[in-house]
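Reading the structure
This is what each chain is made of:
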Amino acid sequence: MNIYEALQNVSYKKQEYFKWKHDIRFNQSIPKKSEEEFLKVVDLKSLNTFHRWERTQEYKNLLLLLLESKVANDFDEIYRVVTDKAKEGDEKSIRLFLSMQKDIQSNAKLAAQTFTSVEDEEDTEDDDLDLS
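Because the structure is a prediction, the values reported are computed rather than measured.

1. Regarding the packing of helix α2 (residues 12–21) against helix α3 (residues 35–42)
Relative to each other, α2 and α3 sit at 160°, their axes nearing to 10 Å. The angle between α2 and α3 falls in the class roughly antiparallel. Crossing hand, α2 versus α3: right-handed. Taken together, the residues of α3 that come into contact with α2 (itself represented by Tyr12, Lys13, Glu16, Tyr17 and Trp20) are Glu35, Phe38, Val41 and Val42. In terms of residue class, the contact of α2 with α3 is made up of 6 nonpolar, no polar and 3 charged.

2. Details of unusual backbone geometry
Located in the positive-phi region is Asp23, a residue other than glycine, with phi close to 50°. Its place among the elements puts Asp23 in the loop between α2 and α3. Positive phi values are uncommon outside glycine, yet Asp43 reaches one of about 55°. Summarising the element assignment, Asp43 is placed in the loop between α3 and α4 (48–53).

3. Quick look at the layout of surface pockets
By volume, the largest pocket amounts to about 350 Å³. Forming the walls of the largest pocket are 13 residues, and the residues nearest its centre are Glu68, Ser69, Val71, Ala72 and Asn107. Looking at the lining of the largest pocket, the elements with two or more residues in it are α5 (57–87) and α6 (91–127). Looking at the lining of the largest pocket element by element, the count peaks at 6 residues for α5. In this model, the second largest pocket occupies a volume close to 260 Å³.

Analysis parameters
Residues numbered from 1 in each chain as written. Predicted model: local features only at pLDDT ≥ 70, side-chain atom pairs only at ≥ 80, totals over all residues. Heavy atoms only, no water. Axes fitted to C-alpha atoms, helices over the stretch in contact; angles between N-to-C directions. Helix = DSSP H or I, 4+ residues; strand = E, 2+ residues; numbered from the N terminus. Parallel < 35°, antiparallel > 145°, perpendicular 65-115°, else oblique. Left-handed = near helix turned anticlockwise from the far one by under 90°. Contact = heavy atoms within 4.5 Å. Nonpolar A, V, L, I, M, F, W, Y, C, P; charged D, E, K, R; others polar. 1 Å grid on protein atoms, 1.4 Å probe; cavity = no way out; pocket = protein on both sides within 12 Å on 5 of 7 lines; lining within 4 Å. Points joined across faces, edges and corners; volume = space filled by probe spheres on them.

Written out as structure tokens, the structure is:
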């Protein structure tokens, strides 16, 4: 589950607050709203409701999903830097590259299993169809 799928499980105002606070708007060409503009959108006078929500497990879980996606993006950037340095012959980068390669391969296998199980579930759903 990604952050956008998880946000669909919370109220509209909470979705908007989370996206506003962490600047994960879909359209990045539009400038971020000010606090006052945001409060008008959600029809509230203060952020106090949201500050209380930030102490809940629901908010913390959303934050963990967001951070997971950021780590994936950071990993991609780090991988590119390490790869470039390894190609130049830097010994530490070569060792790190080989270590990262093993991690990537094991994680890729897990990811592939996730997609395989999703396909299996879809095939099972198709088996229940009555074609008569």
